[in-house]
Amino acid sequence: MNAPPVPRLGPAGAPISSSVRSEFLHPVSTRFIAPSRIYHPRSKCEMSRRSFAFKGIVASGASIIGSSLVTEPAQGVERLPFKPDGYNFWTWRGHKIHYVVQGEGSPVVLIHGFGASAFHWRYNIPELAKSYKVYAIDLLGFGWSEKALIEYDAMVWRDQVVDFLKEIVKEPAVLVGNSLGGFTALFAAAGLPEQVAGIALLNSAGQFGDANKKNNQSEESTLQKIFLKPLKEIFQRIVLGFLFWQAKQPARIRSVLESVYTNASNVDDYLVESITRPAADPNAGEVYYRLMTRFMSNQSKYTLDSLLSELSCPLLLLWGDLDPWVGPAKANRIKEFYPKSSLVNLQAGHCPHDEVPELVNEALMNWLSTLKPEAASLQTL
């Protein structure tokens, strides 16, 4: 981005640090490649619980991004009605979790990106629900789910999705995730492999590990513990508090939204309100602080390749090639690392499901139809 930089959205529309954003800059392609074939292995999703790594879940997410605001929905695509009070709620570990459910058939679970909510699947839920039972969940700390004051970690969202599959879905499902939601889908499959019939990643977060990187952490000195660390926290709270207040203003949100979608036609007031409402929740500012200072600085525990190396279920990559943060190079590397996958390249940015929903819906429906025999066999387990 040219100076002055426009802050990216974090939880509830708050900005994301430039150091985090820089990890997602990749060369951009302008091609569209339709999949020549869809590969669907017969084995179920089996992933070991060990050696998970995740380097830079990043705010790859501010998965709500755009270029201009309009009030009309995408032409020819049915849109999920916006409900200010949300749809359905489930109590998980004492916290209120929001989710949407529509349709009948084999279950498909949609998981949003960093800073977004279930409403970001507004153009996908109605279409997929014509053939499947579709769930869209708000991760803890985002959207209409509770802004819990906990120590956020990738394990939290993994456990949330695993328990959602056990307690709400109750049968094998396909997980579909954008950005942070993509990595969460991979991680959740490890926690409950017998319940996952396949995974679809849309511009997924997570990075491959660096085998040459050494751990340079050293033990904190008394000076650091007693004086420097508290001062650093006070400074961070002041700065991040101001940034959160500024970023949740509707005008600022509109400005940020206008900076990333390559096609502005689907960025509207509906999308803006889906960000501003969660930002007004009690504890939203504190959740933002914890994500920025603790979660973002504690990402080296998990790596993307450690998950893919144990994956055996069908994998679909739906990739917006014009994404300035998670470009096509990452999709190509995933496919190279995990050959049993199919790749659909789209002329879109970080959120292809919202920018070109008709193309994403078609690709998903075609791929899901190939999984039906396998999903049925899983249900007999």
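Residues numbered from 1 in each chain as written. Predicted model: local features only at pLDDT ≥ 70, side-chain atom pairs only at ≥ 80, totals over all residues. Heavy atoms only, no water.

**A look at the overall build of the chain**
Going by this rule: The helix count covers DSSP runs of H or I at least four residues long, the strand count covers runs of E at least two residues long, and both are numbered beginning at the N terminus. Working definition: with a 1.4 Å probe on protein chains only, accessible area under 20% of the residue-type maximum means buried, over 50% means exposed, and in between means partly exposed. What makes two residues a contact is simply this: any of their non-hydrogen atoms within 4.5 Å. Computed with the Shrake-Rupley method and a 1.4 Å probe, the accessible areas treat only the protein chains shown as cover for residues.
A tally of helices and strands in the chain yields 12 helices and 12 strands. With 381 residues in all, the chain has 57% of them scored as buried. Relative to all contacts within the chain whose residues are 6 or more apart in sequence, the contacts with residues 24 or more apart total 83%. About 15,600 Å² of surface is accessible on the chain, with carbon and sulfur atoms providing 51% of the total.

**Focus: the side chain of Asp163**
The condition is simple: Neither His nor the chain ends is counted toward charge; the positive residues are Lys and Arg and the negative residues Asp and Glu. We define a salt bridge as a contact between a side-chain nitrogen of Lys or Arg and a carboxyl oxygen of Asp or Glu at a distance within 4 Å.
As for its position among the elements, Asp163 is in helix α3 (residues 154–169). The buried charged residue Asp163 lacks any salt bridge, with Arg93 as its nearest oppositely charged partner at 4.1 Å. Discounting chain neighbours no more than four positions away, the residues touching Asp163 are Trp90, Trp92, Arg93 and Ile168.

**Comments concerning the confidence of the model for the chain**
To keep things clear, this is the line we draw: Confidence of the predictor at the level of single residues is given by pLDDT, which spans 0 to 100.
The predicted model of the chain has a mean per-residue pLDDT of 74, with 63% of residues at 70 or higher. Between residues 1–72, whose pLDDT stays under 50, and residues either more than four places distant or in other chains, the model counts 273 contacts. Here residues 374–381 is a poorly scored stretch, pLDDT under 50, and it has 17 contacts once near neighbours within four places are set aside; other chains count.

**Here's the deal with the pattern of salt bridges**
Summed over the entire model, instances satisfying the criterion amount to 10 salt bridges. The salt bridge partner of Arg290 is Glu151, with a shortest N-O separation of 3.8 Å. Placement of the pair is Arg290 in helix α8 (residues 284–295) and Glu151 in the loop between β7 (133–137) and α3, with a sequence separation of 139 residues. One salt bridge connects Glu273 with Arg277, and the closest N-O pair in it is separated by 2.6 Å. On the criterion of helical spacing, the pair formed by Glu273 and Arg277 is a turn pair, its members being 4 residues apart in helix α7 (residues 269–279). Each of Arg79, Arg122, Asp268 and Asp354 takes part in one network of salt bridges that share partners.

**Quick notes on α3**
Stated precisely, the cut-off is as follows: Expected helix span is taken as 1.5 Å per residue step, with the number of steps being one fewer than the number of residues.
Taking 1.5 Å per residue as the helical rise, α3 with its 16 residues ought to reach 22 Å, and the 21 Å between its terminal C-alpha atoms agrees with that figure. Among the 16 residues in α3, 12 count as buried, and that is most of the element. Within α3, burial applies to Ala154, Val156, Trp157, Arg158, Asp159, Gln160, Val161, Val162, Asp163, Phe164, Leu165 and Val169. Positive phi shows up at Lys170, right after α3, with a value of about 65°.

**Considerations on the packing of aromatic side chains**
Where two aromatic rings form a pair, the distance of their centres and the angle of their planes describe that pair. Applied cut-off: Think of it this way: a Phe, Tyr or Trp ring, Trp meaning its six-membered ring, pairs with another when their centres are within 6.5 Å, and the plane angle makes it stacked under 30 degrees, edge-to-face over 60, tilted otherwise.
Scanning the model with the defined rule gives 16 aromatic pairs in all. Each ring, one from Phe82 and one from Trp144, has its centre 5.8 Å from the other, and the planes form 80°; the classification is edge-to-face. On the criterion of sequence distance, the pair formed by Phe82 in the loop between β3 (53–54) and β4 (88–92) and Trp144 in the loop between β7 and α3 is long-range, its members being 62 residues apart. Looking at Trp144, the relative accessible area reads 10%, which means it is buried.

**A word on the environment of Ala264**
Structurally, Ala264 is set in the loop between α6 (250–257) and α7. Judged by its relative accessible area of 15%, Ala264 falls in the buried class. Ala264 sits 91 residues away from Glu355 along the chain, and the two C-alpha atoms are 7.7 Å apart.

**Let's talk about the sheet that holds strand β8 (residues 173–178)**
Put simply, the test is: Paired strands are those between which DSSP finds at least two bridges. Helix axes are fitted to C-alpha atoms over the stretch in contact, other axes to C-alpha atoms as well, and angles between N-to-C directions run from 0 to 180 degrees.
The 8 strands lie next to each other as β4-β5-β7-β6-β8-β9-β11-β12, forming an open sheet whose pairing is mixed. Strand pairing shows two members of the sheet lacking a second neighbour, β4 and β12 (341–346), which therefore form its edges. On average, each strand axis in the sheet is inclined to that of its neighbour by 20°, with strand direction left out of account. As paired elements, strand β9 (residues 196–202) and strand β11 (residues 315–320) share 4 bridges and run parallel to each other.

**Some words on the nonpolar core**
Let me state the cut-off plainly: Among buried residues, the Ala, Val, Leu, Ile, Met, Phe, Trp, Tyr and Cys ones that are joined through side-chain atoms within 4.5 Å form a nonpolar core.
Counting residues in hydrophobic clusters, the biggest one holds 55 residues, and the most contacted among them are Val109, Trp157, Ile199 and Leu315. Sorting elements by how many residues they give to this core places α3 first, with 8 residues. The next biggest cluster of nonpolar side chains, apart from the first, holds 34 residues, and it includes Ala129, Trp144, Val174 and Trp367.

**Some points on the packing of α3 against helix α4 (residues 180–191)**
Axis angle and axis distance: for two packed helices, these are the angle between their axes and the distance between the axes, and together they describe the pair. Selection rule: The crossing is said to be left-handed when, going from far helix to near helix, the turn is anticlockwise and less than a right angle, and right-handed when the turn is clockwise. Just so you know the grouping, Ala, Val, Leu, Ile, Met, Phe, Trp, Tyr, Cys and Pro go in nonpolar, Asp, Glu, Lys and Arg go in charged, and all remaining residues, Gly too, go in polar.
Relative orientation of the contacting elements α3 and α4 amounts to 65°, with a least axis distance of 8 Å. α3 and α4 meet at a crossing whose hand is right-handed. Note on element contacts: α4 touches α3 through Leu180, Phe183, Thr184, Phe187, Ala188 and Gly191, opposite Ala154, Met155, Trp157, Arg158, Val161 and Val162. Residues of the contact of α3 with α4, tallied by class, amount to 9 nonpolar, 2 polar and 1 charged.

**Topic: the pairing of β12**
What counts, and what does not: Viewed with both strands pointing away, a crossover whose connecting path from the first strand over the helix to the second turns clockwise is right-handed.
Of all 6 residues in β12, 6 are buried, a share of seventy percent or more. Of the strand pairs in this sheet, β11 and β12 are connected by 6 bridges, and their pairing is parallel. Residue pairing across strands places Leu317 opposite Leu343, the latter belonging to β12. Running through helix α10 (residues 328–337), the crossover from β11 to the neighbouring parallel element β12 is right-handed.

**Details of the pairing of β7**
Of all the 5 residues making up β7, 4 are buried; the element is thus mostly covered by neighbouring parts of the structure. Two strands pair when backbone bridges link them, and strand β6 (residues 107–111) and β7 are joined in this way by 5 bridges, in the parallel orientation. Bridge assignment links Ile111 to a residue of β7, and that residue is Ile137.

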